[in-house]
Amino acid sequence: MTGIFGRIAGLFGGGSEPPSPPADPGFRERPRVAGLPQATEAERIIAAICAEVTAAQHGRFAAIKLTGIARWEELKRESDALQVEVALAAIVPRPRGSYSYTAESWTVEETRKTIASQLIRKKLPFTAAQLAGLIDQWASGTWLQYGIPGQPILGAVDRLLDGKVPDGPLRAALDKLRNRLLADTAHGQQNKFEAGTIARVAAMLEPGSVDTRALPAGAFATMIASWLDALDPAARDAWRALLLHAAGAGDKAKPVAKWLAEGAPLVAALGEDEVAARLVAWMEAVTPDPSRPDISLDMLKGVVWLSAGFAREGLAGPVGRFAEKCFRKVPGIGARSVKLGNAALWALSETSDAPGAAAELFRLRARLKLPSVQKLLDGRLATLADKLGSNVADLEDGSLPDFGLAADGTVKRRVGDLVATITVAADGVTLAWAGSDGRALKAPPASVQRDFKPELAALKQAVKDVEAARATQALRLEQGWQEDRSWDVAAWRRTFLDHPLRRQLALALIWRFDGEGGPVAAMPEGDRLATLAGDTALPETGSVRLWHPLDSDPEDVLAWRRRIMDLGITQPIKQAHREIYVLTDAERRTDIYSNRFAAHILRQHQFRALCQARGWRFEFLGGWDNWNVPSRAIPHHGLTIEYHVEAVDNDQRSAAYVPLHLATDQVRFIGADGRPVPLETVSPILFSEALRDVDLFVAVTSVANDPGWTDGGPEGRFGGYWREWAFGDLSQNAETRRALIASIAPKLAIADRLEIGDKFLVVRGNRQKYAIHFGSSNIQILPSNRYLCIVSGPAPKGMESIKLPFAGDSLLSIILSKAFLLADESRITDPTILRQL
């Protein structure tokens, strides 16, 4: 037998003859484990398995996988006695320098170890003598942590003893192992392997003894030390047992079932409420520092994992906020702690029956933008939905907590003698205070702020949680247009009208009802619907989806806009006044791409942040191999939207060497086969919404909005672009903004000083005239067209009375605030502005 297979067979021998030395000159005869059988049949099986694995490795140093190896699969069906013989034969110690370090010799060594490890983990009938021989050999080895699979062997001993005290050779071997570990660590700190193994052996030798191991050292351990020392002895021992167990959870992505089962009684001994309260306090106090790794945080990770076993109302929010904190990035380093963040996400996904846990996962999916975290969350939510016999969208519909809100969107909390009222509106959440006599207060008095700090902190957090949920639901509704979401009437009523938080959003929006009589656009009013023609009853059957301006003709769209304005409603998303983007003749000619938003210069960091906020995927483009295309997948349509960009090489880079600017190119819709599809085949609403996102990217992140680029940037290279777009033709987004300002201008206190132009809002001040561009909000002083730089600041007096019909257009507010400021220059105190005037 020659070649690779001959060498492997030579390592183990064959037939009745002793094994012959292999060609490897660094090989030494492998010593046999004392008292173990000379299992020639076992050796032949091992040789066959090693030959198959080595062939599959193709000369690589790669992880050993036995699944699919024919002789291994056959062995698993053989008798227990033969499997025991193979396990024992596979364990051969590796003396220092015993073989040359080649891919082949490494593969054989690792395959033997994997065979032994997997067989010993099975409940095979090992005898005390066999296990004693293995442990004795392990304790005599050079490296205890590597080589012989010691932990599986201890697991087999555990199963054999089943709580009994060992005796004879087995006890002697365990004593030898413990003494070896203690000797190795006598002059230094024990690592996790050494401390855990010593404790495990001690528990076998003296069952029921108190674990005297030291807690892992680190900043977290130091933080809890004084609290732990102050406990009475019984409580301290119970907490120490739990923390030591938590520290031994391992470095895997999720805990194993056995470890969780062993931790449950430790939690029960302390009380689930006590452990939950302590966990919340720790999560609020700890902020992981990625530049200073802390091994003692493994205790916190373990307790977070164990929290999945006791669903407690109010626990999901703190666990979710801890996950968010852990995944927050530190500049130049990365996430604070991926390990702790993943532990929190796992705990939430496993406590899906706990109030708010699923909703917290959905909130995190909207907040956490790291692609790896998004993928992890999507997988956990899909698994959870499948387990419940649902889909992800319906799971999200049913998981939003009501936060204790009444049907009108309010909840009252008493703090001392005061009453705090949280109110949910379509466009935001407010907190109001009232005294015991019912009179409104701007804020709680100093005495309440001093004496009720925990209550006030909890109230502040509640407001944040409700607003986060409201904002997430608004974004989800907006994204529903691209996903073509709809509900049957009963599900829509249950999901929106019967939910106190979603109800406030639903009442401010226009819905499309499709039934036997055809489509009807209407707004809910109590249990009835208000249409443009009058009110009507809510239908019993049919489907409902969010109305889009493309669902109606232009006259009806304008009528809805007037209705929203007349009622003084602020919609949670831009709906009635939403821009629409229809296919142009130029786009029909290009067929598979749109150049409508090509040739722009964008600020890369702001662009990436906005991509993430709008559900697009994009990583920084730089001077390294990191090419990618901003994209958003639309699974419902089987399409992916792409907006092609490239980094601008103008020597302007961040401290991390990321180019500051991007140049834009085509928008494409990519099919499941990876090829662009004709634009005419794309759903009109999906096409409009995709281009609206791209228009938003350009409007918000273009350098045309950057005063520092008035000179065209480095060497004036982009001066033409800046001038063209800072004061050029209006995009669809800017046209809509112009129309809205034209409709509300007559109602403003400064109406007599305003004039609506084609591209500018013209403001007549006391000293000069000014033109504010509807697209960029940049200002020119008339008639010289001299540029006036005003950086956005607090809204000037008079702005607070303006009721806008939708939330989310920051440029609209900026234009109006600049108009109020310039209408009376005497109120300007900023010396930078005054010098320009």
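The numbers attached to residues start from 1 for each chain and follow its sequence in the written order. With the structure being a predicted model, the display of local features is reserved for residues of pLDDT at least 70 and the display and counting of side-chain atom pairs for 80 or more, all residues being used for whole-chain, interface and lining totals. Excluded from the side-chain calculations are hydrogens and water; all other atoms, namely the structure's heavy atoms, are used.

**Side note on the overall build of the chain**
Our working rule: Numbered from the N terminus, helices here are DSSP runs of H or I no shorter than four residues, and strands are runs of E no shorter than two. Here the term buried applies to any residue with accessible area under 20% of the maximum for its type, exposed to any over 50%, and partly exposed to those in between, with areas from a 1.4 Å probe on protein chains only. Contacts are residue-level and defined by heavy atoms, with any inter-residue pair within 4.5 Å sufficient. Using the Shrake-Rupley algorithm and a 1.4 Å probe, accessible areas are obtained, with residue cover drawn only from the displayed protein chains.
Per the secondary structure count, the chain includes 31 helices and 21 strands. Per-residue burial over the chain gives 50% buried out of 837 residues. Sequence-distant contacts in the chain: of pairs separated by 6 or more residues, those separated by 24 or more amount to 67%. Accessible area of the chain: about 39400 Å², with a carbon and sulfur share of 53%.

**A word on the pattern of salt bridges**
Our working definition: We define a salt bridge as a contact between a side-chain nitrogen of Lys or Arg and a carboxyl oxygen of Asp or Glu at a distance within 4 Å.
Counted under the stated rule, the structure contains 41 salt bridges. The salt bridge partner of Asp437 is Arg439, with a shortest N-O separation of 2.8 Å. Among the salt bridges present, the one from Arg608 reaches Glu619, with a minimum N-O distance of 3.3 Å. In this pair, Arg608 sits in helix H26 (residues 604-613) while Glu619 sits in the loop between H26 and strand S14 (631-634), placing the two residues 11 residues apart along the sequence. When its relative accessible area of 28% is taken as the criterion, Glu619 is described as partly exposed. Shared partners join several salt bridges into a network, and the residues in it are Glu478, Lys574, Arg578, Glu579, Arg614, Glu689, Arg692 and Asp693.

**Notes on the pairing of strand S10 (residues 528-531)**
The two faces of the sheet receive side chains in turn, since in a regular strand these alternate between them. To keep it simple, the criterion reads: Only when DSSP finds a minimum of two bridges between them are two strands counted as paired.
Sheet topology note: the strand S9 (residues 518-525)/S10 ladder contains 3 bridges and is antiparallel. When the sheet's bridge partners are listed, Pro524 is paired in S10 with Leu529. Between S9 and S10, which pair antiparallel in sequence order, lie 2 residues; one of them, Gly526, sits at a positive phi of approximately 65 degrees. Taken together, the 4 bridges between S10 and strand S11 (residues 534-537) define a ladder with antiparallel strand orientation.

**Here's the deal with the sheet that holds strand S7 (residues 487-488)**
Spatially, 6 strands are ordered S7-S12-S8-S9-S10-S11 in an open sheet, and the strand pairing comes out antiparallel. Across the chains shown, the open sheet's two edge strands, defined by having one partner strand only, are S7 and S11. Of the strand pairs in this sheet, S7 and strand S12 (residues 543-546) are connected by 2 bridges, and their pairing is antiparallel. Bridge pairing in S12 places Asp488 opposite Ser543.

**As for the sheet that holds strand S17 (residues 754-756)**
This is how the line gets drawn: Structural elements are reduced to axes, namely lines fitted to C-alpha atoms, with helices fitted over the stretch in contact, and the angle between N-to-C directions of any two is expressed from 0 to 180 degrees.
The sheet built from 5 strands is open, its strands ordered S17-S18-S19-S20-S21 with antiparallel pairing. Of all the strands in the sheet, the pair left with one neighbour each is S17 and strand S21 (786-788). For this sheet, the mean inter-axis angle between neighbouring strands, taken without regard to orientation, is 30 degrees. Of the pairings in the sheet, the one linking strand S20 (residues 779-782) to S21 comprises 3 bridges and is antiparallel in character.

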